[in-house]
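Observations on chain architecture
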Amino acid sequence: MSYVDDLIEFCLMHRDDIATAVEEKRQDPGGGGHTGGSGSGHSYVSDPTAIQGIKAALSVPCVYVAYGATVCGKRDAVLIRQPERWLKVVDKVAAYCLKSSDTKEFYHHRYILREDHVKTCHDLNLSRGAYYAKKANVIRLAENLAIGFGCLSPYCRMGKII
């Protein structure tokens, strides 16, 4: 699998973790900041309320999403750029796949229950080839939506990630 496929699979499987990381980032005070000054015609003023309002209006640029077991007090983490756009992508993919009778059970087992391919193939009576074909279809759908939402470059298969 490529980096793009891994990123898409991670986002599909860890939707709730990404949403939690975005909320934590929004609630993080992250320093006071200031408004005005430096030639803007407005005096240099420390205004924490204004800074909080500006932060709430802007999108979160990136978050680290921890996953896996804790080893020596640390967990692995993945950097997700434009996480709010990724959440929109995942929601659209889930809505489409859960409506479709062809992919409904597959999506539920793979991305919501996070089952491995052996258990999913056994439960759904799928061949290994059919499993990977369904998985590829979901990933391509998510990739096209991610390109449309601006999460990925249209040239992402050429190694160019936004």
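Quick caveat, the model's predicted, so the values are computed rather than measured.

1. Things to note about the overall build of the chain
Of regular secondary structure, the chain possesses 7 helices and 2 strands. Along the chain, from the amino end to the carboxyl end, the secondary structure elements read α-α-α-β-β-α-α-α-α. A burial count over the chain gives 31% of its 162 residues as buried. Partitioning the intrachain contacts of the chain with sequence separation of at least 6 by distance along the chain shows that 53% fall at a separation of at least 24. When the accessible surface of the chain is totalled, it reaches about 10,000 Å², and 55% of it is carbon and sulfur.

2. Remarks on the pairing of strand 1 (residues 62-71)
Here strand 1 pairs with strand 2 (residues 74-81) via 7 bridges, running antiparallel. What sits directly across from Tyr 64, in strand 2, is Leu 79. Counting the residues between successive antiparallel strands, the hairpin from strand 1 to strand 2 contains 2 residues, one of them, Cys 72, with a positive phi of roughly 55°.

3. Some thoughts on the packing of aromatic side chains
A complete count under the given rule lists 5 aromatic pairs for this structure. Between Phe 106 and Tyr 131 the ring centres are 5.2 Å apart and the planes differ by 70°, which places this aromatic pair in the edge-to-face class. Of this pair, Phe 106 sits in helix 5 (residues 104-112) while Tyr 131 is found in helix 7 (residues 128-149), placing the two residues 25 residues apart along the sequence. Each member of the pair Phe 106 and Tyr 131 is classed as buried. Relative to Tyr 132, the ring of Tyr 131 lies with its centre 5.0 Å away and its plane at 85°, an arrangement referred to as edge-to-face. Residue classification places Tyr 132 among the partly exposed residues on the basis of a relative accessible area of 34%. By way of ring pairs, the aromatic residues Phe 106, Tyr 107, Tyr 111, Tyr 131 and Tyr 132 are connected into one cluster.

Calculation criteria
Residues numbered from 1 in each chain as written. Predicted model: local features only at pLDDT ≥ 70, side-chain atom pairs only at ≥ 80, totals over all residues. Heavy atoms only, no water. Helix = DSSP H or I, 4+ residues; strand = E, 2+ residues; numbered from the N terminus. Buried < 20%, exposed > 50% of the residue type's maximum accessible area, 1.4 Å probe, protein only. Contact = heavy atoms within 4.5 Å. Areas by Shrake-Rupley, 256 points an atom, 1.4 Å probe, with all protein chains shown as cover. Pairing = 2+ DSSP bridges. Phe/Tyr/Trp six-rings, centres within 6.5 Å; stacked < 30°, edge-to-face > 60°.

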